[in-house]
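A structural walkthrough
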Number of protein chains: 2
Amino acid sequence: MTDEVNIGVLLFVAYRAMENRAFAAVAAAGYEDITPAQGKLLQRVDEDGSRLSELAESAQVTKQTAGYLVDQLERGGYVERCPDPGDARARLVRLTGKARDLLPIGAAAVSEVEAEWTSYLGKRRMEQLRDTLTRLREITDPYIDR
Amino acid sequence: MTDEVNIGVLLFVAYRAMENRAFAAVAAAGYEDITPAQGKLLQRVDEDGSRLSELAESAQVTKQTAGYLVDQLERGGYVERCPDPGDARARLVRLTGKARDLLPIGAAAVSEVEAEWTSYLGKRRMEQLRDTLTRLREITDPYIDR
DNA sequence: GAAGGTAGTCAGAGATACTGACTACTTTGG
DNA sequence: CCAAAGTAGTCAGTATCTCTGACTACCTTC
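These figures come from a predicted structure and were not determined experimentally.

**Let's talk about the overall build of chain A**
Each helix and strand counted, chain A has six helices and three strands in total. Reading chain A from its N end, one meets helices and strands in the order α-α-β-α-α-β-β-α-α. Expressed as a percentage of the 146 residues in chain A, the buried residues total 46%. Put simply, 52% of the contacts in chain A that link residues at least 6 apart link residues at least 24 apart. Summed over all atoms, the accessible surface of chain A reaches about 7,500 Å², with 50% contributed by carbon and sulfur. In chain A, which carries 20 positive and 24 negative side-chain charges, the distance between the mean positions of the two groups comes to 1 Å.

Okay, here's the thing in C-alpha coordinates:
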(Lines give C-alpha, C1' and ligand atoms only; values in the text may rest on other atoms or scores of the structure.)
Protein backbone atom coordinates (compact mmCIF):
# COMPACT_ATOMS: atom_id res chain seq x y z
CA MET A 1 0.00 0.00 0.00
CA THR A 2 2.90 2.31 0.52
CA ASP A 3 5.11 2.80 -2.46
CA GLU A 4 6.71 6.18 -2.62
CA VAL A 5 3.86 7.65 -4.62
CA ASN A 6 1.33 4.89 -5.08
CA ILE A 7 -0.46 5.33 -8.37
CA GLY A 8 -3.73 4.56 -6.59
CA VAL A 9 -3.28 7.66 -4.47
CA LEU A 10 -2.54 9.73 -7.58
CA LEU A 11 -5.72 8.50 -9.24
CA PHE A 12 -7.71 9.22 -6.13
CA VAL A 13 -6.39 12.74 -5.67
CA ALA A 14 -7.36 13.72 -9.20
CA TYR A 15 -10.73 12.02 -8.92
CA ARG A 16 -11.55 13.72 -5.67
CA ALA A 17 -10.58 17.11 -7.03
CA MET A 18 -12.97 16.61 -9.94
CA GLU A 19 -15.79 15.42 -7.72
CA ASN A 20 -15.37 18.25 -5.24
CA ARG A 21 -15.55 20.83 -7.97
CA ALA A 22 -18.66 19.34 -9.51
CA PHE A 23 -20.47 19.20 -6.18
CA ALA A 24 -19.36 22.65 -5.20
CA ALA A 25 -20.81 23.99 -8.46
CA VAL A 26 -24.10 22.20 -7.93
CA ALA A 27 -24.34 23.43 -4.33
CA ALA A 28 -23.42 26.97 -5.38
CA ALA A 29 -26.31 26.92 -7.85
CA GLY A 30 -28.63 26.39 -4.90
CA TYR A 31 -29.06 22.62 -4.97
CA GLU A 32 -27.71 22.13 -1.49
CA ASP A 33 -29.68 19.05 -0.55
CA ILE A 34 -27.90 16.78 -3.04
CA THR A 35 -25.25 14.51 -1.55
CA PRO A 36 -22.46 12.83 -3.52
CA ALA A 37 -24.10 9.41 -3.34
CA GLN A 38 -27.39 10.82 -4.55
CA GLY A 39 -25.58 12.62 -7.36
CA LYS A 40 -23.86 9.47 -8.53
CA LEU A 41 -27.16 7.70 -8.76
CA LEU A 42 -28.94 10.64 -10.36
CA GLN A 43 -26.44 10.72 -13.22
CA ARG A 44 -27.29 7.17 -14.06
CA VAL A 45 -31.01 7.63 -14.47
CA ASP A 46 -31.86 7.06 -18.11
CA GLU A 47 -33.83 9.56 -20.19
CA ASP A 48 -36.60 6.99 -20.55
CA GLY A 49 -36.54 6.02 -16.89
CA SER A 50 -34.52 3.37 -15.12
CA ARG A 51 -35.39 0.48 -12.92
CA LEU A 52 -34.06 0.43 -9.41
CA SER A 53 -32.10 -2.75 -10.09
CA GLU A 54 -30.45 -1.19 -13.12
CA LEU A 55 -29.41 1.81 -11.09
CA ALA A 56 -28.11 -0.41 -8.31
CA GLU A 57 -26.03 -2.50 -10.66
CA SER A 58 -24.71 0.47 -12.57
CA ALA A 59 -23.70 2.30 -9.39
CA GLN A 60 -22.45 -0.92 -7.82
CA VAL A 61 -24.55 -0.77 -4.72
CA THR A 62 -27.26 -3.09 -3.40
CA LYS A 63 -30.88 -2.61 -4.37
CA GLN A 64 -31.56 -1.53 -0.81
CA THR A 65 -29.00 1.23 -0.97
CA ALA A 66 -30.29 2.38 -4.34
CA GLY A 67 -33.81 2.38 -2.94
CA TYR A 68 -32.71 4.49 0.00
CA LEU A 69 -31.03 7.04 -2.27
CA VAL A 70 -33.99 7.16 -4.66
CA ASP A 71 -36.28 7.79 -1.67
CA GLN A 72 -34.23 10.85 -0.82
CA LEU A 73 -34.06 12.05 -4.42
CA GLU A 74 -37.81 11.62 -4.64
CA ARG A 75 -38.33 13.62 -1.47
CA GLY A 76 -36.11 16.35 -2.90
CA GLY A 77 -38.18 16.41 -6.09
CA TYR A 78 -35.41 15.22 -8.41
CA VAL A 79 -36.99 11.97 -9.52
CA GLU A 80 -40.38 10.30 -9.45
CA ARG A 81 -41.36 6.66 -9.45
CA CYS A 82 -43.93 5.60 -12.03
CA PRO A 83 -45.31 2.16 -12.67
CA ASP A 84 -43.52 0.29 -15.45
CA PRO A 85 -46.15 -0.38 -18.13
CA GLY A 86 -44.38 -3.54 -19.23
CA ASP A 87 -43.86 -5.22 -15.88
CA ALA A 88 -46.06 -4.76 -12.84
CA ARG A 89 -43.29 -5.84 -10.49
CA ALA A 90 -41.11 -2.94 -11.51
CA ARG A 91 -41.34 0.81 -11.24
CA LEU A 92 -39.49 3.31 -13.38
CA VAL A 93 -37.41 6.02 -11.80
CA ARG A 94 -37.73 9.13 -13.96
CA LEU A 95 -35.97 12.49 -13.88
CA THR A 96 -38.07 15.54 -13.08
CA GLY A 97 -37.57 18.98 -14.55
CA LYS A 98 -35.60 19.94 -11.44
CA ALA A 99 -33.08 17.18 -12.14
CA ARG A 100 -32.85 18.25 -15.78
CA ASP A 101 -31.92 21.73 -14.61
CA LEU A 102 -29.36 20.40 -12.18
CA LEU A 103 -27.46 17.88 -14.29
CA PRO A 104 -26.07 20.36 -16.83
CA ILE A 105 -24.63 22.42 -13.99
CA GLY A 106 -22.56 19.47 -12.86
CA ALA A 107 -21.59 18.67 -16.42
CA ALA A 108 -20.44 22.24 -16.98
CA ALA A 109 -18.24 22.10 -13.88
CA VAL A 110 -16.66 18.89 -15.12
CA SER A 111 -15.94 20.48 -18.49
CA GLU A 112 -14.42 23.46 -16.77
CA VAL A 113 -12.09 21.30 -14.73
CA GLU A 114 -11.13 19.31 -17.81
CA ALA A 115 -10.31 22.55 -19.58
CA GLU A 116 -8.10 23.61 -16.67
CA TRP A 117 -6.29 20.30 -16.70
CA THR A 118 -5.80 20.51 -20.45
CA SER A 119 -4.39 23.97 -20.09
CA TYR A 120 -1.98 22.79 -17.39
CA LEU A 121 -0.90 19.52 -18.97
CA GLY A 122 -1.15 20.44 -22.63
CA LYS A 123 -3.61 19.03 -25.09
CA ARG A 124 -1.47 16.08 -26.08
CA ARG A 125 -0.88 14.84 -22.53
CA MET A 126 -4.52 15.26 -21.63
CA GLU A 127 -5.57 13.16 -24.59
CA GLN A 128 -3.02 10.53 -23.66
CA LEU A 129 -4.35 10.49 -20.11
CA ARG A 130 -7.91 9.95 -21.24
CA ASP A 131 -6.84 7.33 -23.73
CA THR A 132 -4.72 5.42 -21.24
CA LEU A 133 -7.44 5.47 -18.60
CA THR A 134 -9.97 4.28 -21.17
CA ARG A 135 -7.75 1.34 -22.02
CA LEU A 136 -7.15 0.62 -18.37
CA ARG A 137 -10.85 0.50 -17.83
CA GLU A 138 -11.00 -2.59 -20.02
CA ILE A 139 -9.21 -4.56 -17.34
CA THR A 140 -10.46 -2.76 -14.23
CA ASP A 141 -14.16 -2.16 -14.79
CA PRO A 142 -16.55 -5.06 -14.46
CA TYR A 143 -19.37 -2.83 -15.71
CA ILE A 144 -18.39 -1.31 -19.02
CA ASP A 145 -21.59 0.33 -20.13
CA ARG A 146 -21.95 3.96 -19.28
CA MET B 1 -21.36 15.58 -14.55
CA THR B 2 -22.29 13.59 -17.60
CA ASP B 3 -19.96 13.82 -20.54
CA GLU B 4 -19.85 10.68 -22.61
CA VAL B 5 -16.97 9.21 -20.63
CA ASN B 6 -16.22 11.66 -17.88
CA ILE B 7 -12.56 11.55 -16.99
CA GLY B 8 -13.53 11.63 -13.31
CA VAL B 9 -15.30 8.31 -13.74
CA LEU B 10 -12.27 6.85 -15.50
CA LEU B 11 -10.01 7.93 -12.65
CA PHE B 12 -12.40 6.50 -10.12
CA VAL B 13 -12.75 3.13 -11.83
CA ALA B 14 -8.99 2.59 -11.89
CA TYR B 15 -8.61 3.81 -8.32
CA ARG B 16 -11.32 1.54 -7.03
CA ALA B 17 -9.83 -1.47 -8.81
CA MET B 18 -6.50 -0.79 -7.13
CA GLU B 19 -8.05 -0.32 -3.72
CA ASN B 20 -10.19 -3.43 -3.96
CA ARG B 21 -7.21 -5.57 -4.83
CA ALA B 22 -5.13 -4.22 -1.98
CA PHE B 23 -7.88 -4.81 0.57
CA ALA B 24 -8.68 -8.23 -0.80
CA ALA B 25 -5.02 -9.21 -0.39
CA VAL B 26 -4.92 -7.92 3.17
CA ALA B 27 -8.15 -9.71 4.06
CA ALA B 28 -6.95 -12.92 2.38
CA ALA B 29 -3.86 -12.82 4.56
CA GLY B 30 -6.14 -13.06 7.56
CA TYR B 31 -6.43 -9.40 8.55
CA GLU B 32 -10.17 -9.29 8.15
CA ASP B 33 -10.94 -6.69 10.76
CA ILE B 34 -9.30 -3.85 8.84
CA THR B 35 -11.68 -1.53 7.01
CA PRO B 36 -10.70 0.77 4.13
CA ALA B 37 -10.87 3.88 6.29
CA GLN B 38 -8.69 2.30 8.95
CA GLY B 39 -6.25 1.18 6.26
CA LYS B 40 -5.95 4.66 4.83
CA LEU B 41 -5.10 6.03 8.23
CA LEU B 42 -2.73 3.19 9.08
CA GLN B 43 -0.63 3.86 5.99
CA ARG B 44 -0.04 7.37 7.17
CA VAL B 45 1.36 6.53 10.57
CA ASP B 46 4.99 7.56 10.62
CA GLU B 47 7.80 5.19 11.63
CA ASP B 48 8.55 7.43 14.60
CA GLY B 49 4.92 7.80 15.56
CA SER B 50 2.36 10.38 14.47
CA ARG B 51 0.11 12.74 16.30
CA LEU B 52 -3.60 12.41 15.85
CA SER B 53 -3.84 15.87 14.34
CA GLU B 54 -1.19 15.03 11.77
CA LEU B 55 -3.04 11.88 10.78
CA ALA B 56 -6.30 13.77 10.56
CA GLU B 57 -4.84 16.46 8.32
CA SER B 58 -3.00 14.00 6.14
CA ALA B 59 -6.07 11.81 5.63
CA GLN B 60 -8.29 14.88 5.29
CA VAL B 61 -10.71 14.01 8.05
CA THR B 62 -11.55 15.74 11.31
CA LYS B 63 -9.62 15.00 14.48
CA GLN B 64 -12.73 13.31 15.82
CA THR B 65 -12.93 10.90 12.91
CA ALA B 66 -9.23 10.16 13.11
CA GLY B 67 -9.60 9.51 16.84
CA TYR B 68 -12.45 7.11 16.21
CA LEU B 69 -10.43 5.17 13.61
CA VAL B 70 -7.35 5.06 15.83
CA ASP B 71 -9.53 3.69 18.64
CA GLN B 72 -10.51 0.81 16.40
CA LEU B 73 -6.96 0.22 15.19
CA GLU B 74 -5.82 0.21 18.80
CA ARG B 75 -8.47 -2.31 19.71
CA GLY B 76 -7.34 -4.50 16.82
CA GLY B 77 -3.75 -4.30 18.03
CA TYR B 78 -2.38 -2.41 15.01
CA VAL B 79 -1.32 0.75 16.80
CA GLU B 80 -0.71 1.95 20.31
CA ARG B 81 -0.92 5.40 21.85
CA CYS B 82 2.08 6.53 23.87
CA PRO B 83 2.64 9.85 25.61
CA ASP B 84 4.58 12.35 23.50
CA PRO B 85 7.76 13.10 25.46
CA GLY B 86 8.00 16.57 23.94
CA ASP B 87 4.45 17.78 24.53
CA ALA B 88 2.20 16.61 27.31
CA ARG B 89 -0.94 17.64 25.42
CA ALA B 90 -0.20 15.18 22.65
CA ARG B 91 0.06 11.43 22.36
CA LEU B 92 1.96 9.54 19.68
CA VAL B 93 0.24 6.89 17.61
CA ARG B 94 2.78 4.13 16.90
CA LEU B 95 2.66 1.06 14.69
CA THR B 96 2.81 -2.32 16.41
CA GLY B 97 4.51 -5.42 15.04
CA LYS B 98 1.16 -6.57 13.72
CA ALA B 99 0.84 -3.45 11.57
CA ARG B 100 4.40 -3.89 10.33
CA ASP B 101 3.46 -7.37 9.15
CA LEU B 102 0.32 -6.14 7.48
CA LEU B 103 1.54 -3.11 5.58
CA PRO B 104 3.93 -4.98 3.24
CA ILE B 105 1.07 -7.26 2.21
CA GLY B 106 -0.90 -4.31 0.96
CA ALA B 107 2.17 -2.85 -0.69
CA ALA B 108 2.85 -6.12 -2.49
CA ALA B 109 -0.70 -6.20 -3.84
CA VAL B 110 -0.31 -2.65 -5.15
CA SER B 111 2.94 -3.61 -6.88
CA GLU B 112 1.28 -6.62 -8.41
CA VAL B 113 -1.55 -4.52 -9.82
CA GLU B 114 0.93 -1.98 -11.16
CA ALA B 115 2.81 -4.78 -12.87
CA GLU B 116 -0.41 -6.00 -14.48
CA TRP B 117 -1.24 -2.54 -15.68
CA THR B 118 2.27 -2.08 -17.08
CA SER B 119 1.98 -5.36 -18.89
CA TYR B 120 -1.38 -4.35 -20.37
CA LEU B 121 -0.54 -0.77 -21.27
CA GLY B 122 3.14 -1.11 -22.04
CA LYS B 123 5.95 0.36 -20.03
CA ARG B 124 6.00 3.67 -21.85
CA ARG B 125 2.30 4.39 -21.40
CA MET B 126 2.41 3.38 -17.77
CA GLU B 127 5.25 5.80 -17.10
CA GLN B 128 3.39 8.53 -18.94
CA LEU B 129 0.32 7.84 -16.81
CA ARG B 130 2.24 8.11 -13.59
CA ASP B 131 4.04 11.19 -14.76
CA THR B 132 0.88 12.93 -15.92
CA LEU B 133 -0.95 12.15 -12.70
CA THR B 134 2.00 13.40 -10.68
CA ARG B 135 1.88 16.69 -12.56
CA LEU B 136 -1.85 16.89 -12.16
CA ARG B 137 -1.44 16.47 -8.46
CA GLU B 138 0.32 19.82 -8.35
CA ILE B 139 -2.95 21.55 -9.14
CA THR B 140 -5.38 19.16 -7.48
CA ASP B 141 -3.83 18.18 -4.16
CA PRO B 142 -3.92 20.69 -1.35
CA TYR B 143 -1.71 18.39 0.75
CA ILE B 144 1.38 17.52 -1.24
CA ASP B 145 3.49 15.77 1.32
CA ARG B 146 3.24 12.02 1.34
C1' DG C 1 -51.01 -24.06 -12.41
C1' DA C 2 -46.91 -25.16 -9.57
C1' DA C 3 -41.94 -23.97 -9.30
C1' DG C 4 -38.59 -21.01 -9.59
C1' DG C 5 -36.85 -16.46 -10.85
C1' DT C 6 -37.01 -11.25 -10.64
C1' DA C 7 -38.38 -6.40 -8.73
C1' DG C 8 -38.63 -4.08 -4.93
C1' DT C 9 -39.37 -3.14 0.22
C1' DC C 10 -38.88 -3.59 5.32
C1' DA C 11 -36.08 -4.10 9.40
C1' DG C 12 -31.90 -3.94 11.65
C1' DA C 13 -27.20 -3.04 11.86
C1' DG C 14 -22.41 -1.14 11.34
C1' DA C 15 -18.97 2.12 9.35
C1' DT C 16 -17.71 6.68 8.31
C1' DA C 17 -17.92 11.31 8.83
C1' DC C 18 -19.50 15.66 10.56
C1' DT C 19 -20.39 19.94 14.16
C1' DG C 20 -20.15 21.80 18.64
C1' DA C 21 -18.56 21.94 23.19
C1' DC C 22 -15.26 20.68 26.35
C1' DT C 23 -10.59 19.62 29.18
C1' DA C 24 -5.76 19.77 29.53
C1' DC C 25 -1.62 21.56 28.32
C1' DT C 26 1.73 24.95 25.95
C1' DT C 27 3.27 29.30 24.21
C1' DT C 28 3.51 34.11 24.10
C1' DG C 29 3.43 38.98 25.43
C1' DG C 30 3.19 42.40 28.74
C1' DC D 1 5.66 35.39 36.10
C1' DC D 2 1.16 35.08 34.87
C1' DA D 3 -2.96 36.04 31.98
C1' DA D 4 -4.48 35.37 27.20
C1' DA D 5 -4.50 32.88 23.28
C1' DG D 6 -3.50 28.82 20.88
C1' DT D 7 -3.10 23.64 20.24
C1' DA D 8 -4.00 18.42 21.20
C1' DG D 9 -7.29 15.53 21.95
C1' DT D 10 -11.91 13.73 23.73
C1' DC D 11 -17.00 13.46 24.46
C1' DA D 12 -21.66 13.73 22.83
C1' DG D 13 -24.82 13.79 19.34
C1' DT D 14 -26.15 13.30 14.56
C1' DA D 15 -26.36 12.40 9.43
C1' DT D 16 -25.11 9.59 5.61
C1' DC D 17 -24.07 5.52 3.29
C1' DT D 18 -23.88 0.88 2.98
C1' DC D 19 -24.64 -3.77 4.10
C1' DT D 20 -27.25 -8.63 5.19
C1' DG D 21 -31.36 -11.16 5.74
C1' DA D 22 -36.09 -11.81 5.24
C1' DC D 23 -40.11 -10.74 2.99
C1' DT D 24 -44.13 -9.64 -0.65
C1' DA D 25 -45.67 -9.20 -5.24
C1' DC D 26 -45.36 -10.38 -9.75
C1' DC D 27 -43.59 -12.86 -14.01
C1' DT D 28 -42.01 -16.86 -16.74
C1' DT D 29 -41.56 -21.50 -17.83
C1' DC D 30 -42.53 -26.16 -18.06
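**Re the relation of the copies chain A and chain B**
Each of the two chain copies can be brought onto the other by rotation about an axis and movement along it. If you rotate chain A by 180 degrees and push it 0.0 Å along the axis, it lands on chain B with an RMSD of 0.0 Å. The transformation just described matches what one would write down for a two-fold rotation axis. Among all residues of chain A, the one whose C-alpha sits closest to the rotation axis is A:Leu11, at a distance of 2.7 Å.

**What to know about the sheet that holds strand 2 (residues 79-83) of chain B**
Residue and element names in this part refer to chain B. If you trace the three strands from one edge of the open sheet to the other, you get 1-3-2, paired in antiparallel fashion. For this open sheet the edge positions go to strand 1 (50-51) and strand 2, each flanked by a neighbour on one side alone. Judged from the five bridges that link them, strand 2 and strand 3 (residues 91-95) form a sheet pairing that is antiparallel. Residue pairing across strands places Glu 80 opposite Arg 94, the latter belonging to strand 3.

**Quick notes on the protein's contact with DNA strand D**
Near DNA strand D, the surroundings consist of 22 residues, among which A:Thr35, A:Gln64, B:Ser53, B:Lys63 and B:Gln64 are the closest. Sugar and phosphate atoms represent 60% of those atoms of DNA strand D found within 4 Å of the protein. For DNA strand D, a phosphate oxygen lies 2.8 Å from a polar atom in the backbone of A:Thr62. Mapped onto the surface near DNA strand D, the elements with two or more residues apiece are helix 2 (36-43) and helix 4 (63-75) of chain A together with helix 3 (52-59) and helix 4 (63-75) of chain B. In terms of residue count, the dominant contributor to the surface near DNA strand D is helix 4 of chain A (five residues). Broken down by class, the residue content of the surface near DNA strand D amounts to seven nonpolar, eight polar and seven charged.

**A word on the interface of chain A and chain B**
Tallying the contact residues gives 47 residues for chain A and 46 residues for chain B. With both sides pooled, the region where chain A packs onto chain B buries about 5,100 Å², and carbon together with sulfur makes up 67% of that total. Our count for the chain A to chain B interface comes out at two salt bridges. A salt bridge links A:Asp131 to B:Arg125; the shortest N-O distance between them is 2.8 Å. Applying the counting criterion to the chain A and chain B interface returns seven residue pairs in polar contact (both at pLDDT 80 or more). The set of elements that each furnish at least two residues to the side of chain A that touches chain B consists of helix 1 (7-28), helix 5 (97-121) and helix 6 (123-140) of chain A.

**Description of the protein's contact with DNA strand C**
A:Ser53, A:Lys63, B:Thr35, B:Gln64 and B:Tyr68 are the nearest of the 23 residues found near DNA strand C. For DNA strand C, the fraction of atoms within 4 Å of the protein that belong to sugar or phosphate moieties is 63%. A distance of 3.1 Å separates a phosphate oxygen of DNA strand C from a polar atom in the side chain of A:Arg81. B:Thr62 places a polar main-chain atom, nitrogen or oxygen, 2.8 Å from a phosphate oxygen of DNA strand C. For the surface near DNA strand C, the secondary structure elements donating two or more residues are helix 3 (52-59) and helix 4 of chain A together with helix 2 (36-43) and helix 4 of chain B.

Definitions and cut-offs
- Residues numbered from 1 in each chain as written.
- Chains lettered and ligands numbered in written order.
- Predicted model: local features only at pLDDT ≥ 70, side-chain atom pairs only at ≥ 80, totals over all residues.
- Heavy atoms only, no water.
- Helix = DSSP H or I, 4+ residues; strand = E, 2+ residues; numbered from the N terminus.
- Buried < 20%, exposed > 50% of the residue type's maximum accessible area, 1.4 Å probe, protein only.
- Contact = heavy atoms within 4.5 Å.
- Areas by Shrake-Rupley, 256 points an atom, 1.4 Å probe, with all protein chains shown as cover.
- Lys, Arg positive; Asp, Glu negative; His and termini not counted.
- Charge placed at Lys NZ, Arg CZ, Asp CG, Glu CD.
- Least-squares fit on C-alpha atoms with pLDDT ≥ 70 in both.
- Pairing = 2+ DSSP bridges.
- Near = heavy atom within 4 Å.
- Polar contact = N/O pair within 3.5 Å; in protein donor to acceptor, adjacent residues only side chain to side chain.
- Nonpolar A, V, L, I, M, F, W, Y, C, P; charged D, E, K, R; others polar.
- Buried area = accessible area lost by both parts, 1.4 Å probe.
- Salt bridge = Lys/Arg side-chain N within 4 Å of Asp/Glu carboxyl O.

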